[in-house]
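Understanding the architecture of this molecule
Here is how the chains run, residue by residue.
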Amino acid sequence: AKTDVSKYFPSTSFAHVQRLFAEDLKCPKDVAWYLSRLSTYHGHIPTGSQISTQLAFLANRPVFDRISDIARRDGCLMTVYMDDIVISGSAASKRILNEALMEILRQERKGKV
């Protein structure tokens, strides 16, 4: 089962990047702010930057981890390549994929994706 995250880079906002630097990487708040300003453009991760792919993955890792948990619960494996999410295994199904998409939507509503 495969899907992709629409508008992946534009939907990865300054706030997502700042949370990554401040909470995950434990940078002081001012340092997290400056790093976020340096790595975003017009309030989001730019498409085509050399750091965009890795930074977007790390900033969105909490939701990817939750989707991986959903897949593992049914004995499947979740992989991510840029904005493509693949759930593979003998139990992979539209149901698991829909559950993953619902998790993405929940996080979008919370402003976390």
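In what follows, the structure referred to is the one given above.
What you see is a predicted model; the values in this text were computed from it and never measured.

**Observations regarding the environment of Met78**
As for its position among the elements, Met78 is in strand E2 (residues 77-81). Separated by 35 residues in sequence, Met78 and Gly43 place their C-alpha atoms 29 Å apart. Other than its neighbours up to four places away in sequence, Met78 contacts Phe64, Ile67, Ser68, Ala71, Ile85, Val86 and Ile87.

**Considering the pattern of salt bridges**
Throughout the structure, instances matching the rule amount to nine salt bridges. As a salt-bridge pair, Arg72 and Asp69 come within 3.1 Å of each other at their nearest N and O atoms. Residue Arg72 and its partner Asp69 are both found in helix H4 (residues 52-73); the two are separated by three residues, about one turn of the helix. What makes Asp69 partly exposed here is its relative accessible area of 44%. The salt bridge partner of Arg73 is Asp74, with a shortest N-O separation of 3.4 Å. We classify Arg73 as partly exposed; its relative accessible area is 47%. On the basis of relative accessibility, which here comes to 25%, the residue Asp74 falls in the partly exposed class. Linked through salt bridges whose partners overlap, the residues forming this network are Arg73, Asp74, Arg95 and Glu99.

Conventions adopted
- Residues numbered from 1 in each chain as written.
- Predicted model: local features only at pLDDT ≥ 70, side-chain atom pairs only at ≥ 80, totals over all residues.
- Heavy atoms only, no water.
- Helix = DSSP H or I, 4+ residues; strand = E, 2+ residues; numbered from the N terminus.
- Contact = heavy atoms within 4.5 Å.
- Salt bridge = Lys/Arg side-chain N within 4 Å of Asp/Glu carboxyl O.
- Buried < 20%, exposed > 50% of the residue type's maximum accessible area, 1.4 Å probe, protein only.

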